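# A look at the structure
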Amino acid sequence: MLQKAMGLLGLAKKAGRVVSGETACKEAVRFGSSCLILVASDASSNTFKNITDSCKFYEVPYAVAGTKESLGNAIGNAYNAVVSVNDEGFANGILKYIQANI
């Protein structure tokens, strides 16, 4: 199921509805454009804390999904620790697959 979530993430990237990187994702959360934040399971503890604290404060859902390599590969990069999905439809679909994987 996680593979399907990564496939949807790739489609969201092609549609221009994805932002990657810690700073860009924090801005997306702060300005209300983020519908879902994905954090890699091997992200640093500092990155994880910064992102999840922002998500909790601004009430944006987040999930731990894959590794930095798998998140990066899904959106056409080598590595990404944090990805923001800025479309509600894509976010709901990705979250559904991630929750089915748990």
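Residues numbered from 1 in each chain as written. Predicted model: local features only at pLDDT ≥ 70, side-chain atom pairs only at ≥ 80, totals over all residues. Heavy atoms only, no water.

Another point: the sheet that holds strand β1 (residues 18-20). Ordered by their spatial adjacency, 4 strands build an open sheet running β1-β4-β2-β3, and the pairing between neighbours is mixed. Across the chains shown, the open sheet's two edge strands, defined by having one partner strand only, are β1 and β3 (62-64). Strand-to-strand twist in this sheet, taken as the mean axis angle between neighbours without regard to direction, amounts to 20°. In this structure, β1 lies alongside strand β4 (residues 82-85), joined through 3 bridges in antiparallel fashion. Directly across from valine 18, in β4, lies its bridge partner valine 85. Sheet contacts for helix α5 (residues 88-101): β2 (36-39), β3 and β4; angle to β2, the most-contacted strand, approximately 45°. (Pairing = 2+ DSSP bridges. Helix = DSSP H or I, 4+ residues; strand = E, 2+ residues; numbered from the N terminus. Axes fitted to C-alpha atoms, helices over the stretch in contact; angles between N-to-C directions. Contact = heavy atoms within 4.5 Å.)

To continue, consider the environment of cysteine 55. Position of cysteine 55 among the secondary structure elements: in helix α3 (residues 45-58). On the accessibility criterion, cysteine 55 (1% relative accessible area) is buried. Remark: the alpha-carbon pair of cysteine 55 and glycine 93, spanning 38 residues in sequence, is separated by 19 Å. Residues in contact with cysteine 55, not counting those within four places in the same chain, are Val29, Ile37, Val60 and Tyr62. (Buried < 20%, exposed > 50% of the residue type's maximum accessible area, 1.4 Å probe, protein only.)

Alternating residues of β4 divide into Val82 and Ser84 and Val83 and Val85, and every residue in both groups is buried. Relative to β4, β2 runs antiparallel, the two sharing 4 bridges. Its bridge partner lying in β4, leucine 38 is registered against valine 83.

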